[in-house]
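Here is what each chain is made of, one letter per residue.
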Amino acid sequence: MKGSGNGSRTSDDETEEEAYYWNTEILPILNIIEKADNDTDVDCLCKACIRLYKSLENGNMLGRNCKQRAILLKILYKLVDVGSDQLSLLLVKLILALRVTGKNLLNVCKLIFKISRCENNDVLFQTENILDSLLDVLKSEDMLSNSEALLYCLGAIKFLSGNANLIKYMLNENLLETLVQLMKHISNTDKESDSLLPISGNLLVQLTAILRNIADLSQSRPRFLLSGALSELCVILEQYIADKDVCTNVARILSKLSSYNDCCTALADCPRCFSIFLAVLNKHQKKQDLVVRIVFTLGNLTAKNNHAREQFYMEDGAISTLLSLFQIYYELDCCMKSASGRSESAEEVNSRHPKHPTDVEDVLIKLIRVLANISIHPSLGTVLSTNQNCVDLLIKVLEYKQIDECEELVINAAAAINNLSYYQTKHSAVRSRQLRISELLLRLLLSNNMEGILEAARVFGNLSQTKEIRDFVVAKNVYKFMIALLDSKNPDVCFSACGVLINVTVDNNKRTILREEGGIKKLIDCLQDFGPSDWQLASLVCKTLWNYSEKITSAALCFGNKETEKLIELLTTYLEEELALDNSLDKDLRAYHKVCWESEFIPVASQLLTRVQSHDTLLEPLSVPSQ
């Protein structure tokens with residue numbers, strides 16, 4: 001390296017003390033740098049740069065304090081061409097510490113960006129402690145005057161944020177809070193200019209990509225909440241609704257965070273968030289990577305929060321937007337199914353894993369989940385149950401999609417129909433199509449998928465409140481499936497099966513079906529297996545047996561000898577508080593069990609016991625004598 005003619009001298013505005021420090025501490029290091037061979041002495045240059053940084057720091061010559069700053073920068077810039085990434089990062093640290101601006105800052109940020117693109121260089125960013133300098137650029141530089149440099153800086157941080165150790169370090173150095181402030185700056189600048197600056201969209205793509213990586217860290221959630229990031233992301237989503245890349249990144253962040261209850265609550269409280277989500281869905285209907293994330297977020301928001309369900313439903317065109325998307329993706333899935341049916345062999349079709357939905361199926365799964373969640377709300381569910389378009393689309397899913405093609409889609413459609421079938425409104429679209437729905441549910445009952453069978457049983461539990469479906473249940477032997485399900489040893493499955501059987505036994509002419517397939521014994525076994533742990537199920541079993549035994553003349557003839565004995569024994573035991581309630585449960589759970597036991601089980605169980613005991617005799621009634 002050629003000498004720069006840099007000798008011992010004093011600048012006009014340099015004090016003698018500063019000149020002395022320069023000549024004795026800084027200049028010797030610069031001489032080492034100038035004499036080094038760029039090709040063979042990279043290690044020597046790196047060590048010299050480390051010494052130089054420490055010496056400048058000790059002499060308070062960082063920033064713009066160094067009077068020989070121009071000379072120093074000139075020497076450092078020449079080293080950039082050496083081509084060593086390690087040396088380049090040390091130079092970057094020095095140059096940024098000297099507070100360069102304008103084109104110099106842009107070139108440095110471009111260099112950082114270039115080095116950061118190689119994953120193997122992550123370790124250099126850790127060992128050379130360059131991250132603090134990089135974060136300082138975000139905190140100190142004005143966006144408008146250094147926007148291009150800022151863009152490369154954000155791009156570098158985006159690459160580095162893919163490294164778990166680096167992103168955790170930057171998070172602890174308030175990276176998230178810095179990015180939120182930068183988002184606000186960009187948003188306010190755009191508002192003041194009455195238009196979106198060309199560079200703003202590019203900056204936000206990089207910025208939101210970093211936040212997307214930060215959102216993967218569980219420890220970042222409190223920071224997202226405290227920094228106001230969620231509301232600011234909604235503002236950006238609305239402002240940049242035409243920018244698909246920005247919208248997609250924001251949607252990814254919100255979909256990740258909305259999986260947690262605290263973030264869900266905070267997001268639902270953001271002003272106009274539901275209106276903004278609907279606007280994005282209407283703007284980007286066919287951009288499924290964006291749609292699926294927004295709809296997933298809506299599904300999370302409406303999963304457990306009745307107020308959020310109301311907020312969403314009350315937005316203008318909320319349900320029509322969902323159903324419009326439902327129609328679009330249903331038709332797209334039908335086209336894809338038709339096309340794949342022509343091109344795939346039977347072996348390929350059968351080899352597809354039913355639990356791995358396609359991208360289009362995934363949109364449908366999440367759309368239906370939102371509809372199912374909204375229908376949980378009593379007043380909203382009642383109104384939605386009268387929506388013919390909604391019910392028709394759900395029926396179409398069950399018609400064209402087999403459960404072994406896409407398990408989650410079929411089960412979600414059945415679950416949504418179950419929720420809607422709960423409402424006994426006069427104009428229910430479910431009730432008007434209940435025979436067709438029952439035929440499709442029968443197909444689910446014949447499958448080997450227990451989740452599908454359970455959802456079908458739940459729907460039959462609601463629909464069998466009408467005589468038309470009770471007749472269907474008997475005619476199509478659905479009741480035999482329900483009796484068989486009592487053997488499942490699963491309380492949810494047994495509860496749903498009992499729900500159907502209790503409805504069927506309302507009709508006098510159908511009560512004898514419980515004698516088939518060992519139904520009476522299986523009901524009593526359910527009472528024994530689940531009574532102490534599930535008093536709601538126990539009461540349902542008792543109600544079923546109560547309906548069945550309405551015309552009882554002899555307990556033995558009605559239930560069977562052994563069954564009668566066992567039933568009396570169980571009911572007698574379960575009606576004794578000390579024997580029925582589990583003292584090993586914690587206080588709150590035991591109190592809940594006691595409430596269920598007293599309010600739901602005791603009333604029907606005590607009446608059933610009285611009826612059975614009063615007819616428990618070995619004597620048989622005689623038939624009416626002939627005249």
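Structure: above.
Residues numbered from 1 in each chain as written. Predicted model: local features only at pLDDT ≥ 70, side-chain atom pairs only at ≥ 80, totals over all residues. Heavy atoms only, no water.

Student: I keep staring at the overall build of the protein chain and nothing clicks. Help me out?
Tutor: Looking only at helices and strands, the protein chain features 36 helices and zero strands. Its C-alpha atoms give the protein chain a radius of gyration of 36 Å, clearly above 25 Å, the size a compact globule of 627 residues would have. The C-alpha extent of the protein chain, read off along each of the three principal axes, is 140 × 55 × 50 Å. Scored against the burial criterion, the 627 residues of the protein chain give a buried share of 51%. The contacts in the protein chain between residues at least 6 apart in sequence include a share of 75% that link residues at least 24 apart. If you sum the accessible surface of the protein chain, you get close to 29000 Å²; carbon and sulfur atoms cover 49% of it. Averaging the positions of the 67 positive and the 80 negative side-chain charges in the protein chain gives two centres separated by 3 Å. (Helix = DSSP H or I, 4+ residues; strand = E, 2+ residues; numbered from the N terminus. Rg over C-alpha atoms; globule rule 2.2 N^0.38 Å. Buried < 20%, exposed > 50% of the residue type's maximum accessible area, 1.4 Å probe, protein only. Contact = heavy atoms within 4.5 Å. Areas by Shrake-Rupley, 256 points an atom, 1.4 Å probe, with all protein chains shown as cover. Lys, Arg positive; Asp, Glu negative; His and termini not counted. Charge placed at Lys NZ, Arg CZ, Asp CG, Glu CD.)

Student: Where do I start with the packing of helix H29 (residues 478–485) against helix H30 (residues 491–504) in this structure?
Tutor: What describes two packed helices is the angle between their axes and the distance between those same axes. Put simply, H29 and H30 touch, their axes get as near as 8 Å, and they point 145° apart. The chirality of how H29 crosses H30 is left-handed. Here H29 contributes Tyr479, Met482, Ile483 and Leu485 to the contact with H30, which in turn contributes Val493, Cys494, Ala497, Val500 and Leu501. Residues belonging to the contact of H29 with H30 are distributed by class as follows: nine nonpolar, no polar and no charged. (Axes fitted to C-alpha atoms, helices over the stretch in contact; angles between N-to-C directions. Left-handed = near helix turned anticlockwise from the far one by under 90°. Nonpolar A, V, L, I, M, F, W, Y, C, P; charged D, E, K, R; others polar.)

Student: Help me understand the packing of aromatic side chains, please; the structure alone is not making it clear to me.
Tutor: Each aromatic ring pair is summarised here by two numbers: the centre-to-centre distance and the angle between the ring planes. Scanning the model with the defined rule gives 10 aromatic pairs in all. For the pair Trp535 and Tyr574, a centre-to-centre distance of 5.5 Å together with 85° between the ring planes defines the contact as edge-to-face. Taken as a pair, Trp535 in helix H32 (residues 535–548) and Tyr574 in helix H34 (residues 561–574) lie far apart in primary sequence, 39 residues in all. Judged by its relative accessible area of 2%, Trp535 falls in the buried class. Relative accessible area serves as the criterion here: at 6%, Tyr574 is assigned to the buried category. Put simply, the rings of Phe113, Tyr152 and Phe159 touch in pairs and so form one group of aromatic residues. Between the NZ or CZ atom of Lys93 and the centre of the ring of Tyr53, over which it lies, the distance is 4.6 Å. The ring of Trp546 is capped by Arg611, whose NZ or CZ atom sits 3.4 Å from the centre of that ring. (Phe/Tyr/Trp six-rings, centres within 6.5 Å; stacked < 30°, edge-to-face > 60°. Lys NZ or Arg CZ within 6 Å of the ring centre and 35° of its normal.)

Student: So what exactly am I meant to see when it comes to helix H3 (residues 69–79) here?
Tutor: Think of an α-helix as turning once every 3.6 residues; residues three or four places apart then point the same way. What H3 keeps buried is the set Arg69, Ile71, Leu72, Leu73, Ile75, Leu76 and Leu79. Contact partners of the buried residues in H3: helix H1 (16–35), helix H2 (42–58) and helix H4 (85–97).

Student: Help me understand the side chain of Gln434, please; the structure alone is not making it clear to me.
Tutor: Along the chain, Gln434 falls in helix H26 (residues 434–445). When near neighbours in sequence (up to four residues on either side) are disregarded, Gln434 contacts Leu463, Thr466, Glu468 and Ile469.

Student: What is the right way to look at the pattern of salt bridges in this model?
Tutor: Pairs can form between side chains of opposite charge whenever their charged atoms are close. Taken as a whole and assessed by the stated rule, the structure comprises 24 salt bridges. Between Arg470 and Asp507 there is a salt bridge, with the nearest N and O atoms lying 2.8 Å from each other. Within this pair, whereas Arg470 is found in helix H28 (residues 467–475), its partner Asp507 is found in the loop between H30 and helix H31 (519–530), the two being separated by 37 residues in sequence. It is possible to trace a salt-bridge network through shared partners that takes in Lys467, Arg470, Asp471, Asp507 and Lys510. (Salt bridge = Lys/Arg side-chain N within 4 Å of Asp/Glu carboxyl O.)

Student: Quick question: what am I supposed to make of the packing of helix H17 (residues 288–301) against helix H21 (residues 359–374) here?
Tutor: Viewed as axis vectors pointing N to C, H17 and H21 meet at an angle of 25°, and their least axial separation amounts to 9 Å. Our classification of the angle between H17 and H21 gives roughly parallel. Of the two possible hands of crossing, H17 and H21 adopt the one that is left-handed. Here Gln288, Val291, Val292, Val295, Phe296, Leu298, Gly299 and Asn300 of H17 lie close against H21, whose contacting residues are Asp359, Val360, Asp362, Val363, Lys366, Leu367, Arg369, Val370 and Asn373. In terms of residue class, the contact of H17 with H21 is built from nine nonpolar, four polar and four charged. (Parallel < 35°, antiparallel > 145°, perpendicular 65-115°, else oblique.)

Student: Please explain unusual backbone geometry as it appears in this structure.
Tutor: Across the chain, the bulk of peptide bonds are trans and the bulk of non-glycine residues have phi less than zero. For Arg99, which is not glycine, the phi dihedral falls at a positive 55°. In this fold, Arg99 is placed in the loop between H4 and helix H5 (102–116). With relative accessibility at 38%, the residue Arg99 sits in the partly exposed group. Of note in this structure, Lys489 is not a glycine but carries a positive phi near 65°. For Lys489, the position within the fold is in the loop between H29 and H30. Given a relative accessible area of 54%, Lys489 falls into the exposed group.

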